[in-house]
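Summary of structural features
Take a look at the letters that make up each chain.
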Amino acid sequence: MHYNLTGTILALAGGMKPCLVYYRTLAFPLIGISLVCALQVWEAQSGYFVFRVLWTKFLTSAVIATYIILFRADDFVFYNNLGVSRSRLLLFAFAFDFLIWLFLMAVTVMII
């Protein structure tokens, strides 16, 4: 069995472009919440406070996801026509946002 790694990487990269375009519509509130969490950790001057704001991040992300699913369902039709499902868009957007949050928390903890 021959596995074509290059083809797989190109297929993933081609599927990521619509996901990144979709993330752009969510970037402002999601990154804003991440920045507020980083500010709270900075103000607390404790790396352990990261675990407390982690739950804040999860809860606000769930609220934003629910809002998108309920009130912005028409946006998914365009991406569905491109062959990208709603669950893939949301999974990518929130996973990418969590990576940004992790980076901000790591930088904040290194600074304090």
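Attention here is on the structure that accompanies the text. Here the structure is a predicted model, which is why all the values come from computation and not from measurement.

A count of helices and strands for the chain gives 4 helices and 0 strands. When the helices and strands of the chain are listed from N to C terminus, the series reads α-α-α-α. Per-residue burial over the chain gives 30% buried out of 112 residues. Counting every atom, the chain has about 7,700 Å² of accessible surface; 72% of that belongs to carbon and sulfur.

A few words now on the nonpolar core. By size, the foremost hydrophobic cluster in this structure holds 26 residues, and its most contacted members are Tyr22, Ile68, Leu89, Trp101 and Met105. Broken down by secondary-structure element, the contributors of at least two residues to this core are α1 (5-44), α2 (49-71), α3 (75-81) and α4 (86-111). Among the elements that make up this core, the one with the highest residue count is α1 (10 residues). Apart from residues no more than four positions distant in its own chain, Trp101 is found in contact with Ser34, Cys37, Val50, Val53, Leu54 and Lys57.

The subject of this paragraph is the packing of aromatic side chains. Taken as a whole, this structure holds 9 aromatic pairs when the rule is applied. Considering the side-chain rings of Phe92 and Phe96, the 5.8 Å spacing of their centres and the 5° angle between planes classify their relative orientation as stacked. Here the residue Phe92 and the residue Phe96 both occupy positions in helix α4, the gap between them amounting to 4 residues, near one helical turn. Taking the relative accessible area as the measure of exposure, Phe96 reaches 30% and is therefore partly exposed. Measuring from ring centre to ring centre gives 5.6 Å for Phe98 and Trp101, while their planes differ by 20°; the resulting arrangement is stacked. Taken as a pair, Phe98 and Trp101 lie in helix α4 at a separation of 3 residues, close to a single helical turn. Judged by its relative accessible area of 2%, Trp101 falls in the buried class. The structure contains a cluster of three or more aromatic residues connected by ring pairs, namely Tyr22, Phe76, Phe78 and Tyr79.

In this section: unusual backbone geometry. Although it is not a glycine, Gln45 sits at a positive phi angle of roughly 55°. For Gln45, the position within the fold is in the loop between α1 and α2.

To continue, consider the side chain of Lys57. Looking at where Lys57 falls in the secondary structure, it is placed in helix α2. Lys57 has contacts with Leu30, Ile33, Ser34, Cys37, Asp97 and Trp101, leaving out every residue within four places of it along the chain.

The subject of this paragraph is the side chain of Ser34. Its place among the elements puts Ser34 in helix α1. Ignoring anything within four residues of it in the chain, the contact list for Ser34 reads Lys57, Asp97, Trp101, Leu104 and Met105.

Quick notes on the rules
- Residues numbered from 1 in each chain as written.
- Predicted model: local features only at pLDDT ≥ 70, side-chain atom pairs only at ≥ 80, totals over all residues.
- Heavy atoms only, no water.
- Helix = DSSP H or I, 4+ residues; strand = E, 2+ residues; numbered from the N terminus.
- Buried < 20%, exposed > 50% of the residue type's maximum accessible area, 1.4 Å probe, protein only.
- Areas by Shrake-Rupley, 256 points an atom, 1.4 Å probe, with all protein chains shown as cover.
- Core = buried A, V, L, I, M, F, W, Y, C linked by side-chain atoms within 4.5 Å.
- Contact = heavy atoms within 4.5 Å.
- Phe/Tyr/Trp six-rings, centres within 6.5 Å; stacked < 30°, edge-to-face > 60°.

Honestly, that's just the spatial picture; any functional story needs more than this.
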